[in-house]
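Okay, here's what each chain looks like letter by letter:
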Amino acid sequence: MNNFNEVEEGMISVMHSEHCSYKSSRPILKAFSQIKSKRVLIGLEQDAGVVDIGDGYVVVFKIESHNHPSSIEPFHGAATGIGGIIRDILCMGVRPILLLDPLRFGSLEKPHNRWLMKEVVGGIVNYGNCSGIPTLGGDIEFDESFDTNCLVNVACVGVGKVENIKPSQVKDVGDLLILVGTTGRDGIHGVTFASRVITEESEADRPAVQIGDPFAKKVLIEATLEAIETGFVNGLKDLGGGGLTCATSEMAGAAEKGVEIHLEKVPLREENLSPYEIMISESQERMLFCVAPSGKEAISKILDKYNLSYACIGHVTDTGRVLVFNNGTKVADLPAKLLSDPPVIHRTSSKPKIREISTSNVYAADLPILIEKKLYSLLESGNIASRRWIYTHYDHEVGVRTILKPNVCDVAVLRILGTKKAIAVKSFGNSVQTYLSPYDGAAGAVAEACRYVASVGAKPVAMSNCCNYGSPENPEVFWEFSESVRGMVDACKVLDTPCTGGNVSFYNEDEENGIIIKPSPVVVILGVLEDQTKAVSMNFKNPDDSIIAIGNTVTRLDLQREKKTIDMIVELIDKRLLTASIPCSRGGLGVSVAKMCISGDVSALIRIPLIPSYDHMNEYELLFDESHSRFMVSASEDNTAEIIKFTKQKEIPARIIGKTNNSQELAFVGNFSNTLDTIRFHLPDLKEKWEKTFPSMLG
Amino acid sequence: MKVAVIQFLGSNCDLDSVWALRQIGVTTDLVYYKDFEEIYYKYDGILIPGGFSWGDYLRAGVIAANTSCMKLVCELSESDVPILGICNGFQILTEAGLLPGALIRNDSLSFICKWVTISVESKKSVFTKDLVIKSQLKMPIAHGEGRFATDDLNKLYKNNQVVFKYLGENPNGSMDAIAGVTNLNGNVLGLMPHPERASDNIIGGKDGLKILKYFLT
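Residues numbered from 1 in each chain as written. Chains lettered and ligands numbered in written order. Predicted model: local features only at pLDDT ≥ 70, side-chain atom pairs only at ≥ 80, totals over all residues. Heavy atoms only, no water.

Q: Sorry, what's going on with the overall build of chain B here?
A: The secondary structure content of chain B amounts to 7 helices and 11 strands. Along the first, second and third principal axes, the C-alpha atoms of chain B reach 45 × 35 × 35 Å. Taken over 217 residues, chain B has a buried fraction of 61%. The contacts in chain B between residues at least 6 apart in sequence include a share of 73% that link residues at least 24 apart. Within the structure as shown, chain B displays about 8100 Å² of accessible surface, and the carbon and sulfur contribution to it stands at 49%. Charge centroids of chain B, computed over 21 positive and 23 negative side chains, lie 5 Å from each other. (Helix = DSSP H or I, 4+ residues; strand = E, 2+ residues; numbered from the N terminus. Buried < 20%, exposed > 50% of the residue type's maximum accessible area, 1.4 Å probe, protein only. Contact = heavy atoms within 4.5 Å. Areas by Shrake-Rupley, 256 points an atom, 1.4 Å probe, with all protein chains shown as cover. Lys, Arg positive; Asp, Glu negative; His and termini not counted. Charge placed at Lys NZ, Arg CZ, Asp CG, Glu CD.)

This is the structure we're talking about:
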C-alpha cells in the first residue's frame with residue numbers, strides 16, 4: 001500500500017473523480033470505438049475529434065457539459081462552459097468558428113427557471129459574443145425534471161489546416177513546458193463538485209465555479225494560433241477540469257513520457273497558494289504548451305506581444321512520472337498513468353418498469369377544433385416556439401461565414417473561407433422519448449440531428465455527444481445510460497456518423513426532492529456541403545410551389561430507411577431541385593409546414609388525406625405525429641415531376657400534398673367524420689403565437 | 001489605396017474586415033496596434049474593426065482610445081487620412097474624440113444581433129460622397145452599446161454630420177435613430193452596423209461594399 005502525501009492525494013482524487021476519469025462510463029462508451037471512418041483523422045483518444053473535410057481542411061468539434069456550475073451560478077457557469085470547450089478545440093491547433101448551446105430547463109412558469117434561463121443566456125452572450133465566435137445551431141428543451149438541475153451543454157467547432165493539428169501530448173524528452181495564464185483559487189475541486197448530486201448544501205460549492213474572462217480568452221486564441229504557426233509547439237493542452245494535474249499527467253501519459261515541474265515558477269493571480277491548490281486549481285484561460293527548446297524565444301516573443309502571463313515551469317522526462325517540486329522540495333511524485341488511466345468501475349444496471357406518458361383519445365367529430373387548438377398550443381410551447389429572443393442576443397454573424405440565418409434555418413450553416421464548401425452543424429436531443437425508451441430515444445436523437453443537417457443539403461459525417469443522466473450508482477439510471485449508448489452506437493453505425501468524442505455528465509439529480517433528470521443524451525452532428533451555394537433554408541420562397549411530404553408516417557424508427565431518406569434529400573438538394581426543406585421534428589408535419597410559412601411569409605394549402613402513411617391514421621395524427629425519417633420540402637412546379645420520379649427510383653414514399661400561395665392563410669383540408677372541412681389559420685396570427693412565448697416570459 | 005485594419009487586443013471583426021476588403025481588391029494588412037506606430041506611413045487608409053477591445057471592461061472602446069496608437073490615428077485624421085470605424089471601432093473613435101457623441105447601452109439593455117436597414121443621410125463623408133441621399137442599405141448590427149447620444153444634435157445636422165439613420169424600427173434607442181456620423185472634415189466615419197458582414201450575397205447581401213469600396217480609390 002502506497003502512502004500518498006496531501007498533494008498526491010489531491011491529484012489522485014481529482015483525476016479519479018467521475019468527471020475526469022469516466023470510471024463508470026468508459027466500459028459502456030467503448031462501443032463507440034468500433035465505428036470507423038476514413039474521414040475521422042483523430043477519434044475518441046484526444047480532446048476533440050478531427051474530421052477531414054477535403055481540400056486540406058479539417059474540422060474539429062466537441063460537445064461538453066457545464067451542468068453543475070450552471071445550476072448554482074448560471075451566469076458564470078454557462079460562460080465558463082463556453083470557455084472550456086473553446087480551449088478544447090483550440091488546443092488541437094485550429095481556430096474556433098462556431099459555438100452551439102443546447103440548453104434544458106424546467107417549466108418557465110416557475111420564476112426560478114426563468115431566472116436560470118435569463119442568467120444562462122446572459123452568460124453565453126457575455127462570453128460567446130466577446131470571444132468573436134458566432135453562436136447558433138443549438139437546441140432547447142423544457143421539462144419539469146430539469147427544475148433543479150438545468151442542463152447547460154456547450155459545443156464548439158473549429159476549422160484549420162490539416163498540417164496544424166497538434167496532439168494533446170508531450171513529444172521529446174527535454175521539451176519545455178510553458179504554462180500560459182495565471183493561477184488562482186477559483187474552481188478548486190470543480191470536478192469533484194460536478195461528480196456529486198446537488199443538495200441544499202451545494203450553495204456552499206459556489207467557489208468551485210470558475211470565473212471566466214472572455215477578453216483573456218480572445219487574446220489566448222490569437223496567441224495560441226500564432227504560436228502554432230511558428231512550428232515550435234510540439235503539443236498543447238488546455239487547463240480545464242483537474243487543472244494542472246490533468247494537463248501534465250494526460251500529456252505525459254498519452255506519450256508514455258514523464259514531466260518535471262516547478263510550482264514556484266507558476267504565475268499566480270493571488271499570493272500564498274499552496275502546492276495542493278496550484279495543482280488542482282481550475283482557473284480559466286490557461287494553456288500548457290510543450291515547446292522544443294530551440295523555440296523558447298520565438299514563443300516568448302508572441303506571448304509578450306499579447307501581454308500574456310506565462311512561465312516555463314518544467315520539462316519533459318523519460319521517467320513516466322509526474323514529478324512536482326516547490327522551491328526545490330519534492331511535493332509529489334506519481335506515475336503519469338496512475339493519474340491519466342484510472343481504473344474503471346463496473347456499475348450494475350437494471351431495467352425500470354415500463355414507462356408511459358398519458359395521452360387522451362381524440363374523437364373524429366372534434367377534430368377540426370382540436371387541430372386548430374393543437375397547432376396554436378404547439379407553436380406557443382417552449383419546446384417549439386420561435387427562438388428569436390435567444391438568437392438575437394447571440395452574435396450569430398461574426399466571422400462572415402454564416403450562410404443561413406437562424407430566422408430561416410435551425411441548423412448552423414457556415415461557409416469555409418477559401419473553399420467552395422460549407423459545414424452544417426446541429427445539436428439535438430429528446431429527453432421525453434429517451435425517458436420512454438432510452439434506446440429508441442437516443443438512436444432517434446442521432447437520426448433527427450442527421451436529418452436537420454441533411455435538410456440544408458449537407459451530408460452527415462460525424463457525431464459528438466453529451467450524455468446527461470442522474471447518478472450512475474442508481475442501477476436504473478445506469479441502465480438508461482447503457483441503453484441510450486447502445487441506441488446511439490447503432491444509429492451512428494447505420495448513418496455513417498462515427499462518434500469523435502464527447503462528455504458524460506452524471507449526478508444530475510436533486511437529492512432534496514428526489515428528482516432525477518430525464519435521461520438526456522444530446523447529439524451534435526457535423527455535415528459537409530460540397531457546394532456552399534446549394535444550401536437550402538426552411539422558408540417557403542414563392543407562391544405556386546409544390547409542397548411535398550417525403551417519408552411515411554409510421555411509429556417506429558427504422559435506421560436503414562432513415563439513411564436512405566437522408567441520402568436522397570442530400571441528392572435532391574445537390575441537384576438544386578428544392579426551394580425549401582425542413583425535417584419533420586417536434587410537432588410533426590403540421591408544425592413543420594407552419595414554420596415554413598411563417599419564416600417565408602408565404603401561405604399554403606395542405607390536403608391532409610394525401611400525407612403518406614402506412615397505417616390508417618386520422619387527420620389529427622397525420623398532422624402531429626412525430627415519426628422519424630420524414631421531410632417537408634417545396635419545389636417549383638417544373639421540378640416536381642422529376643422529384644417524384646427520383647423518390648420512386650429510391651423507393652421512398654413521397655406525395656405532393658399541397659401548394660404555396662399568397663392568401664395569408666395556412667389551410668388544411670381534410671375529411672372529418674365524412675364531412676369535408678377546411679381548417680384555416682390566418683398567417684399573422686400563427687406568427688404572433690409562435691413569436692410571443694419567450695419575449696412574454698423573459699421580457 | 002493601401003489600408004491598415006488595426007487589431008487591438010480583443011478586436012474580433014479584424015479578420016472579417018480584412019477578408020471583405022481583400023475580396024474587392026483593396027490591398028489590406030492586418031496591423032497589430034503596437035506595430036502601427038512603426039509602419040503607419042505605409043498606409044493611405046485606416047479601418048478600426050469591431051469587437052470588444054480590452055473586453056469593453058471599463059467602457060466600450062475607452063482603453064483602446066487611450067493607446068498611443070490611437071493618438072497617432074488622431075494626428076493622421078488631421079492630415080486627411082480616411083478612417084472608418086465599425087461598431088467597436090465607432091465607439092473607439094468617439095472615445096478618442098475624433099467623432100462627436102457617445103455610444104451608450106442599448107435601450108433594451110441587451111445585446112442585439114440582427115439585420116437592419118439604414119438610409120444614407122449625408123454625402124459629407126468621403127465614404128458616402130458617391131451614394132444617393134435617402135438610398136437604403138441592408139446590413140447586420142451586433143452590439144450591446146450602440147445607442148447614439150449627443151448633447152448637440154442641431155450642430156450635427158447643421159454641419160451635415162449625420163450620415164446614416166436606422167429605417168423602420170430603431171433597434172437600440174439611438175437619438176433620432178442615428179446609426180453613423182462623420183467628423184467636420186468628412187474623412188472620419190463611424191457606424192454601428194457592420195458593412196464587412198454585408199460583403200457577399202451568400203452571407204445575406206453586399207450593401208456594405210458600397211461603403212468599403214471607397215478604399216479602392
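On we go.
Q: Where do I start with the overall build of chain A in this structure?
A: When helices and strands are tallied, chain A shows 22 helices and 29 strands. In summary, chain A has a C-alpha radius of gyration of 26 Å against a globular reference of 27 Å for 699 residues, a match within 12%. Reported as C-alpha extents along the three principal axes, the dimensions of chain A are approximately 90 × 55 × 45 Å. Per element, the accessible surface of chain A, about 24100 Å² overall, is 49% carbon and sulfur. (Rg over C-alpha atoms; globule rule 2.2 N^0.38 Å.)

Q: In this structure, what is going on with the interface of chain A and chain B? I would like to understand it.
A: By a frequent convention, interface size equals the accessible area lost on bringing the separate parts together. With 34 residues of chain A in contact, the opposing surface of chain B contributes 29 residues. Carbon and sulfur atoms make up 62% of the surface buried where chain A meets chain B, a total of about 2500 Å² over both sides. Here chain A and chain B share 2 salt bridges between them. For D200 of chain B, the salt bridge goes to R415 of chain A, with nearest N and O atoms at 2.9 Å. Between the two partners, chain A and chain B, sit 13 residue pairs in polar contact (both at pLDDT 80 or more). (Buried area = accessible area lost by both parts, 1.4 Å probe. Salt bridge = Lys/Arg side-chain N within 4 Å of Asp/Glu carboxyl O. Polar contact = N/O pair within 3.5 Å; in protein donor to acceptor, adjacent residues only side chain to side chain.)

Q: Looking at this structure, I do not really get the environment of L414 of chain A. What am I missing?
A: Looking at where L414 of chain A falls in the secondary structure, it is placed in strand 16 (residues 412–415). Leaving out residues up to four positions away in the same chain, L414 of chain A has contacts with I97, L98, L136, R401, T402, I403, A422 and I423 of chain A.

Q: Before we go on, may I ask you to explain the state of the cysteines in this structure?
A: In protein structure, a disulfide is the covalent linkage between the sulfur atoms of two cysteines. Residues and elements named next belong to chain B. On inspection of all chains with the given rule, the structure shows 0 disulfides over all chains. Free of any disulfide, C13 has its nearest neighbouring cysteine sulfur in C87, separated by 6.4 Å. Free cysteine C74: the closest other cysteine sulfur is in C69, separated by 9.7 Å. Here C74 falls in the buried class, since its relative accessible area comes to 17%. (Disulfide = S-S within 2.5 Å.)

Q: Looking at this model, I keep getting lost on the sheet that holds strand 29 (residues 675–682) of chain A. Mind explaining?
A: Backbone-to-backbone hydrogen bonds join strands into a sheet, with any given pair of strands oriented parallel or antiparallel. All names here are of chain A. Strand order in the open sheet formed by 7 strands is 24-26-23-27-25-28-29, with mixed pairing between adjacent strands. Two strands bound the open sheet, and with one partner strand each, they are strand 24 (580–583) and strand 29. When strand polarity is set aside, the average angle formed by the axes of neighbouring strands in this sheet is 20°. Pairing of strand 25 (residues 603–607) with strand 27 (residues 654–661) involves 4 bridges; the strand directions are antiparallel. Bridge pairing in strand 27 places S603 opposite N661. The strands that helix 13 (residues 367–380) touches are strand 28 (665–672) and strand 29; relative to strand 29, the one it contacts most, it runs at about 25°. (Pairing = 2+ DSSP bridges. Axes fitted to C-alpha atoms, helices over the stretch in contact; angles between N-to-C directions.)

Q: Honestly, helix 1 (residues 14–23) of chain B in this entry has me stumped. Any pointers?
A: Note that an α-helix has 3.6 residues per turn; residues three or four places apart therefore point the same way. Residue and element names in this part refer to chain B. Regarding helix 1, the residues found buried are D14, D16, S17, V18, A20 and L21. Buried positions along helix 1 lie against strand 1 (2–7), strand 2 (27–32), strand 3 (45–48) and helix 7 (209–212). Note on helix 1: the residue one or two positions beyond its end, G25, has a positive phi of about 95°.

Q: In this structure, what is going on with the sheet that holds strand 18 (residues 459–468) of chain A? I would like to understand it.
A: All names here are of chain A. The strand order across the open sheet formed by 6 strands is 15-16-17-22-18-19, and the pairing between neighbours is mixed. For this open sheet the edge positions go to strand 15 (402–404) and strand 19 (499–505), each flanked by a neighbour on one side alone. Strand after strand, the sheet turns through a mean of 25° between neighbouring axes, direction not considered. In this sheet, strand 17 (residues 422–428) lies alongside strand 16 in antiparallel orientation, the contact comprising 4 bridges. Bridge assignment links A412 to a residue of strand 17, and that residue is V425.

Q: What's the story with the pairing of strand 25 of chain A in this structure? I'm lost.
A: Each regular strand carries side chains that alternate between the two faces of the sheet. Across 4 bridges, the pairing between strand 25 of chain A and strand 28 of chain A is parallel. Paired with L605 of chain A across the strands is A667 of chain A, a residue of strand 28 of chain A.

Q: Would you explain the pattern of salt bridges in this entry?
A: Oppositely charged side chains can form a pair if their charged atoms are brought close together. Residue and element names in this part refer to chain A. Applying the stated rule across the entire model yields 46 salt bridges over all chains. Linking D238 and R87 is a salt bridge whose minimum nitrogen-to-oxygen distance equals 3.4 Å. Note that D238 is positioned in strand 9 (residues 233–238) and R87 in helix 5 (residues 74–90), a separation of 151 residues in sequence. Residue class for R87 comes out buried when judged on its relative accessible area of 1%. As a salt-bridge pair, D172 and K171 come within 3.9 Å of each other at their nearest N and O atoms. A relative accessible area of 42% means that K171 is categorised as partly exposed. Connected through shared salt-bridge partners, R87, K217, D238 and E285 make up one network.

Q: Could you clarify how one ought to interpret the environment of Q91 of chain B in this entry?
A: Residues and elements named next belong to chain B. Mapped onto the elements of the fold, Q91 is located in helix 5 (residues 88–95). Taking the C-alpha atoms as reference, Q91 lies 8.6 Å from E145; in sequence the two are 54 residues apart. Apart from residues no more than four positions distant in its own chain, Q91 is found in contact with D56, A60, L103, E145 and M192. Among the polar contacts made by the side chain of Q91, one reaches the side chain of N88 at a distance of 2.8 Å.

Q: Help me understand the nonpolar core in this model?
A: Nonpolar side chains in soluble globular proteins tend to be buried together. In this structure, M117 of chain A together with F8, F36, L84 and F164 of chain B are the most contacted members of the largest nonpolar core, which totals 133 residues. Those residues within four positions of F8 of chain B in sequence are excluded, and the remaining contacts are Y33, I48, S53, W54, A64, T67, C69, M70 and I92 of chain B. Listed in part, the 69 residues of the second largest apolar core include I403, A422, A445 and L559 of chain A. (Core = buried A, V, L, I, M, F, W, Y, C linked by side-chain atoms within 4.5 Å.)

Limitation: the analysis is restricted to geometry and does not speak to function.
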